[in-house]
Structures are given as structure tokens and as C-alpha cells.
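Okay, here's what each chain looks like letter by letter:
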Amino acid sequence: MKMTLKSLVLANTLLLGAGFCQLAQADDAALVKQGEYISRLGDCSACHSIPGKPAFSGGLAIESNLGTIYSTNITPDKDHGIGNYSEQQFSDAVRKGVLPDGKRLYPAMPYPDYAKINDRDMHALYTYFMQGVKPSADVPPETDLSFPFSQRWGMRFWNWAFVSDKPFQPIGGATAEVNRGAYLVESLGHCGSCHTPRGLGMNEKALDSGDDQFLAGGNLNGWEVPSLRGLPHWTEQETVDYLATGRNDKAAVGGEMTSVVEHSTSYMSDADLKAIAAYLKFIGGNPAAPAAQETTISPTEAKLTAAKNLSAGERLYLDNCGACHFVTGKGAPGVFPQLDQATIVNAGDPGGLIHTILAGAQQPSTAKAPSTLAMPGFANRLSDDQVAQLATFIRQGWSNKASAVTADQVAKVRESLKK
């Protein structure tokens, strides 16, 4: 059977068309995959996904000083989600906190940090949410704050005062790795939303490393949040391990950071984790590696080992904590966190330590550390006075030099656990 010139051209055109279609599909699939990774960097699922509900359908109750704010449905459902958003409208919501109808978002959505997300990542993120996420018709509870905070139009003035629309600015003279870490921390990672102190307007006092207050620590829901500047007691590898697995040779996650590791940092590439660690060291002035630990036995260790003339706090420690954290206060590397020199132990506000003693803690299961290690809570076993004595001993044992804890402080944290 002979093919005419016309039919040959048509056949070749069809073949070329099919090839271009396959290439386009492959490009779309790659973009969706990249967008999914960007959503992990931005920790979108932590706030917009809750157990038992479709992914990204919202409904998480976020407690704030203004009241309870509920996360929204960000699936591509056209009636209850963001399915009708153009890419520009999506970008305005993420980077400016402005919805298509002009409604203003509360900064529980960290748009002051997301403002630095670049156009390439924003395009990938939009493609993922429109093509890679299943639509859901779930309707989360409506946020209903009391007056005057219910007047969302007032956010226009808050944004004018506290939000910058400047794109990410690379650090002059820094390596490409450090600048990659800076971009991740200052934008998608929105680390400053928890680790930067807040002003009178509940605003982050700084939005980038050009200000010494950036990542200098703060307070979140009764937990003192540590400074990330330099992390002088950790090596870069220990920072990588902590973000990837929720634990390292010195510490284990607790509080809000547990969710961050579970939903976000444990999915990051090794290169991005190393970039973040390099950046955090850089903004602390590149401190040298921590000095070698003293090998002499501390007075606390010697007394606990002898087990004579113990105080109430010391006895409580041996009975309840010593089996895992040992008389050295060093714990077991990668398993049980050390208490000597730990940030949560030495915090000015002991709320985080009290919360952990009362409620316990559980490390997340991640790809690189699938085992789930848990510390039991002692709320039903120890009285307020006993917890205060135990916490005081831990905060003043070994080389720790924090203030004492009172029974009233314990009672306040215990009451918060009932909510």
C-alpha cells in the first residue's frame, strides 16, 4: 500500500504531536513533584491537614492571643477550596495575605515570611495544589474573633506597619550553600515566625538576618523558643540530624517542633538540610566547633552516684528520670536527650520543661529514624510540689544554672493541659 505525500506528512505530524504531548505531560508531572516538595519546605500540611480529614482540607484550630483561628480548605475544590484561584490570586494569598475578594488573612498564615518565596517556587506550588491535590468539599469552622480583631480590614494597616514586600536578598560574600539556607529559613521555612521575638503588635521584630533580633528566640504557647543564631553547642551535622530525624546526640524534639520535623524538615533533601545548618552557623558569626566536654565527674553526678543525703528533687530524679538520662545528665546519644546544658532546661520560662514532665513527649517517626521513642508523662504520678522540686533540681544540677520552679508554675501548666 502506497502512502501519498499528504498522508506521510499527516502521520509525521501526528507522531510529533504525540511526542510533544508526552514531553508536556512529563514536564507537568515534574512540576507537580517539585511543587509537592515546595509544600513540604513551607510546611503547608501541618496547618491545613488534620487526622481523619482529606489532605489540605483545613480545620486545624490555631490558638492565638486574639482567639482561635481555623485553617482553611486549600484543596482545588471550586466551591469550598481554592479551585477558582488564578496563579496571581494564589500568589497574593500566600505572599500578601490577601484573598481574591479582598479579604485579609490573619498572620497565623505566615505570609510576612512567605513574601520572599521566588516566582519559580510559587509557580511550582500553584501547579501542585491545582493538579496534584485531590479536591475536598469539607468546610472547616469559620474563624470568629471578638471585636476589634474580627475587623479584618484593619490588617491592611498592620501589613503596612510590619510586612515588607522586598524579595529575598542574598547575603553578600556568603557561599551559595549559605544563601540557599538563608532563602529556605527566611521564606518557605518561616522559622522566624516562632524563633524571632514579637513586638507589641504581635509582629516579628525582624524578617531577615540583617537584624540581630532575627531568630534570637521568643515564647510560643508557654514554651520558651530558643535562639537559632549560631547554635554554638551543636555542630552542623547535629543540626542536620535534628531536622531530619527529630533527634541528635544532644537533644530530641518537643512541643511545636515535633510537627515541623514530622511534616516538613524530615522530607528535605540532604543538600537543603546542610544549607540550613550552614546558614544558622553563619549568622552566629561562624563560631568554632564546641570545645571538648570536660571528662571530670561533676558534683551532681558524684552525689547521685553515691545516693546519700539526697534532696527531694535528687530522689525524684533517680526514681523517675535516672534510668534514661543517667546520673551524668547526658542521656543516650540519639536516643534519650541530655539534660545538662539543654536549652529547654535552662530557659528563662520553665513552662516547656514542666509541660514535658507532666505530659511526656514522643519523637516523630521519620524516614531516616522510623522508630518512635516516647517519654511517659508524670502528671498522674507526681504532685505540683514534687514536679517543682524535680524541675528545680534538673535546672540547677550539673552545669545548669537556671532559676527554681514553684508549685504555682506547675499548677498553671497542669491546668493548661486540660484545655
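Coordinates for the structure precede this section.
A brief look at the structure comes next. All of these numbers come straight from a predicted model, not from anything done at the bench. (Residues numbered from 1 in each chain as written. Predicted model: local features only at pLDDT ≥ 70, side-chain atom pairs only at ≥ 80, totals over all residues. Heavy atoms only, no water.)

**A look at the overall build of the chain**
Here is the rule: Per the convention used, a helix needs a DSSP run of H or I reaching at least four residues, while a strand needs a run of E reaching at least two, with both numbered from the N terminus. Each residue is placed in one exposure class: buried if its accessible area under a 1.4 Å probe, protein chains only, is under 20% of its type's maximum, exposed if it is over 50%, and partly exposed if it falls in between. Throughout, a contact is declared for two residues whenever any of their heavy atoms are within 4.5 Å.
Summing up its helical and strand segments, the chain has 18 helices and six strands in all. Along the first, second and third principal axes, the C-alpha atoms of the chain reach 105 × 55 × 45 Å. Among the 419 residues that make up the chain, the fraction classed as buried is 43%. Partitioning the intrachain contacts of the chain with sequence separation of at least 6 by distance along the chain shows that 60% fall at a separation of at least 24.

**A look at the side chain of Glu 204**
Quick note on the threshold: The positive count covers Lys and Arg only, the negative count covers Asp and Glu only, and His and the chain ends enter neither. Here a salt bridge means any side-chain nitrogen of Lys or Arg lying within 4 Å of a carboxyl oxygen belonging to Asp or Glu.
With respect to the helices and strands, the residue Glu 204 is situated in the loop between α8 (192-195) and β3 (218-220). Although Glu 204 is buried, it makes no salt bridge; Arg 198 carries the closest opposite charge, 4.2 Å away.

**Topic: the nonpolar core**
The tendency in soluble globular proteins is for nonpolar side chains to be buried as a group. Threshold: Among the buried residues, those of types Ala, Val, Leu, Ile, Met, Phe, Trp, Tyr and Cys that are joined through side-chain atoms within 4.5 Å form a nonpolar core.
Residues Phe 90, Phe 129, Leu 215, Tyr 279 and Leu 280 are the most contacted members of the largest nonpolar core, which totals 50 residues. Looking at this core, the elements that each hand over two or more residues are α1 (5-41), α3 (87-96), α5 (119-131), α7 (176-188), α9 (236-245) and α11 (270-282). Among all residues touching Phe 129, those that are not within four sequence positions of it are Ser 39, Cys 44, Phe 56, Ile 74, Pro 76, Ile 82 and Phe 90. Core analysis: the second largest hydrophobic core is formed by 23 residues, Val 345, Leu 353, Ala 391 and Phe 393 among them.

**Brief notes about the packing of α3 against α5**
Any two packed helices are characterised by how steeply their axes cross, that is the angle between the axes, and by the distance between the axes. To keep it simple, the criterion reads: Think of each axis as a best-fit line through the C-alpha atoms, taken over the contacting stretch in the case of a helix, with angles from 0 to 180 degrees between the N-to-C directions. Angles are sorted into four bins: roughly parallel if under 35 degrees, roughly antiparallel if over 145, roughly perpendicular if 65 to 115, and oblique for all others. Crossing chirality is assigned from the near helix's rotation relative to the far helix, an anticlockwise turn below a right angle marking it left-handed and a clockwise turn marking it right-handed. As a working rule, the residues Ala, Val, Leu, Ile, Met, Phe, Trp, Tyr, Cys and Pro are called nonpolar, Asp, Glu, Lys and Arg charged, and the rest polar, with Gly in that last group.
Their axes nearest at 10 Å, the elements α3 and α5 cross at an angle of 110 degrees. On the basis of their axis angle, the class for α3 and α5 is roughly perpendicular. The interaxial crossing formed by α3 with α5 has right-handed handedness. Residues Glu 87, Phe 90, Ser 91, Val 94 and Arg 95 of α3 touch α5, and the partners they reach there are Asp 119, Met 122, His 123, Leu 125, Tyr 126 and Phe 129. Of the residues belonging to the contact of α3 with α5, the class tally is six nonpolar, two polar and three charged.

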